[in-house]
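# Residue-level structural notes
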Amino acid sequence: MASTLFEKIWDSHTVTDEGGSSLLYVDRHLVHEVTSPQAFEGLRLGGRGVRRPDLTVATMDHNVPTSNRSLPMADQTSEAQMRALERNCDEFGIRLFGMGSPNQGIVHVIGPQLGITLPGTVIACGDSHTSTHGAFGALALGIGTSDVEHVLASQTLWLERPKTLEVMVSGVRQNPRAVTAKDVMLMIIRRMGTGGGAGSVIEYRGKGMTDLSMEQRMTVCNMSIEAGARAGMMAPDEKTFEYLRGREFTPKNYESLVGEWRELRTDRDAEFDGTFELDIGGMAPQVSWGTSPEMTCDVTEDVPDPGEFAAGDESRLRAAQRALKYMDLEPGTPIREIDIDRVFIGSCTNARLEDLKEAADVVRGQKTAPGVRAMVVPGSQMVKRQAEQMGLDSVFEDAGFEWRESGCSMCLGMNPDILGPGERCASTSNRNFEGRQGAGGRTHLASPVMAAAAAIHGRFVDARELV
């Protein structure tokens, strides 16, 4: 019987089925400081240990400061969570990449770059953007704290079987340096809506996807959650195998596994529960204007009228009206006339080496616009070292950017890197809802290229005119 990539992985990891749910074996469990303390405490209260500490990896990312890393920290809650993770990992025998580790970084950045993420595996983490790892042909699932405890105790996870959704992306980007994977994903969400993938696992297919590098594929899979999906994934190919070859934690029998992984693809006659198609030939860079990723338009367009955006849907009309009020924007305002105060290049969506290289190409020899505060936050200490070896830190600092330590940073308001009320930010992160980057902060989602260009010009510009 013909099967999709998702079905092959799901079926091969099913331990048992019961009452419409399946018990899945988990190959890798990734842990961070925010969603794990209660889970470990639950183990203690129940007198249980961690079933497979050798398949569990922890890091600190959400709360870590990206400037001064000395302790004690200003935020006592953040420090308590990180101290708790240290104690828990020590007690239960779990490998931890803490603040002093050369491998510390955002959990969805370090997994692939260390070779912990592998094709054909089931990966779980208490973070919604675990879908990032699906770029390697893995079924990567974000889970809640109670599920974190269950995986720690049993190395398994109960789940209802999701539907399958094919996203077929055709065409060739006319200027791939200016129109990036981030733009493609924002366009997909814009067209599908934030509920377009609800209840489904998305498989991204077509030339528009296979043309992407591995780091670009991670950006796409990362934002599957913003389309409402349970996970996103792509079939592994030679780019995948080459990326993972020789990583620190890739298996010793890696070359023999590659032969098996080449079979990890959707069969020719397999059927999906739904299909969405997009031709990306001729598309423009994207910028969000509202408080949802689907509230996005071309950089060359104007902020839409709420009625136009709603297309007769009363709930979308109210959402657009509220978004424009929060964002302090008027319908008809050209996107290229929106001035910005802050720029954030980072997050699990866009803080990898390729992202930083693309942004550096835009700012090299330039200066940030007066009144704009811009920061670059590498996704991991490894990315930071590689960037510094290439001199990218000097490129950014010479242009007036702040060069930071690795962490989640301004993607979410759980650390010192936040927006002030009313500040407007060009951000390479994945979410733009009210208060995401700080109470009253206004977030415009964009690619690293577009964010870097906005820092230099003080407003949004069409990156196709620059690179």
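Because the structure is predicted, anything quoted here is derived from the model rather than measured. (Residues numbered from 1 in each chain as written. Predicted model: local features only at pLDDT ≥ 70, side-chain atom pairs only at ≥ 80, totals over all residues. Heavy atoms only, no water.)

### Observations regarding the pairing of strand E9 (residues 163-170)
Sheet topology note: the E9/strand E10 (residues 200-205) ladder contains six bridges and is parallel. In the strand pairing of E10, Thr164 is matched with Val201. Each parallel crossover has a hand, and the one from E9 via helix H6 (residues 181-192) to E10 is right-handed. Sheet topology note: the E9/strand E12 (residues 274-279) ladder contains six bridges and is parallel. Bridge assignment links Val169 to a residue of E12, and that residue is Leu278. (Pairing = 2+ DSSP bridges. Helix = DSSP H or I, 4+ residues; strand = E, 2+ residues; numbered from the N terminus. Right-handed = clockwise from strand over helix to strand, strands pointing away.)

### Some points on the domain arrangement of the protein
How big an interface is tends to be reported as the loss of accessible area on association of its parts. According to the domain assignment, the protein contains domain 1 (5-275) and domain 2 (286-465). One C-alpha centre belongs to domain 1, the other to domain 2, and the line joining them spans 24 Å. Taken together, the two surfaces of domain 1 and domain 2 that pack against each other cover about 3700 Å², and 54% of this comes from carbon and sulfur. Linking domain 1 to domain 2 there are four salt bridges. At the junction of domain 1 with domain 2, the criterion picks out 31 residue pairs in polar contact (both at pLDDT 80 or more). Elements that contribute at least two residues to the side of domain 1 that touches domain 2 include exactly helix H4 (107-113), H6 and helix H8 (214-222). Tallying contributions element by element places H6 first for the side of domain 1 that touches domain 2, with six residues. (Domains from an automatic or database assignment. Buried area = accessible area lost by both parts, 1.4 Å probe. Salt bridge = Lys/Arg side-chain N within 4 Å of Asp/Glu carboxyl O. Polar contact = N/O pair within 3.5 Å; in protein donor to acceptor, adjacent residues only side chain to side chain.)

### Comments concerning empty space enclosed by the protein
Tallied over the full model, the rule gives one cavity of 30 Å³ or more. As a volume, the largest cavity reaches approximately 80 Å³. In terms of lining residues, the largest cavity is bounded by Thr180, Ala181, Lys182, Glu215, Gln216, Thr219, Asn350, Glu354, Asp355, Glu358 and Pro448. A breakdown of the residues in the lining of the largest cavity according to their chemical character gives two nonpolar, four polar and five charged. Each of domain 1 (5-275) and domain 2 (286-465) contributes no fewer than three residues to the lining of the largest cavity. (1 Å grid on protein atoms, 1.4 Å probe; cavity = no way out; pocket = protein on both sides within 12 Å on 5 of 7 lines; lining within 4 Å. Points joined across faces, edges and corners; volume = space filled by probe spheres on them. Nonpolar A, V, L, I, M, F, W, Y, C, P; charged D, E, K, R; others polar.)

### Points about a negative patch on the surface
Together, Asp302, Glu337, Asp339 and Asp341 make up a region of like negative charge exposed at the surface. Within the secondary structure, Glu337 sits in the loop between helix H12 (314-327) and strand E15 (342-345). Residue Glu337 is classed as exposed on the basis of its relative accessible area, which comes to 57%. (Patch = residues over 30% accessible without salt bridge, like charges linked within 9 Å, V, L, I, M, F, W, Y side chains within 5 Å. Areas by Shrake-Rupley, 256 points an atom, 1.4 Å probe, with all protein chains shown as cover. Lys, Arg positive; Asp, Glu negative; His and termini not counted. Charge placed at Lys NZ, Arg CZ, Asp CG, Glu CD. Buried < 20%, exposed > 50% of the residue type's maximum accessible area, 1.4 Å probe, protein only.)

### Some thoughts on the sheet that holds E15
The sheet built from five strands is open, its strands ordered E17-E16-E15-E18-E19 with parallel pairing. With partners counted over all chains shown, the strands left at the sheet margins are strand E17 (402-403) and strand E19 (442-445), one partner each. In terms of strand pairing, strand E16 (residues 373-376) meets E17 through two bridges, oriented parallel. Bridge pairing in E17 links Val376 to Trp403. Of the strands in this sheet, E15, E16 and strand E18 (424-427) are in contact with helix H16 (residues 448-457), which crosses E15 at around 150°. (Contact = heavy atoms within 4.5 Å. Axes fitted to C-alpha atoms, helices over the stretch in contact; angles between N-to-C directions.)

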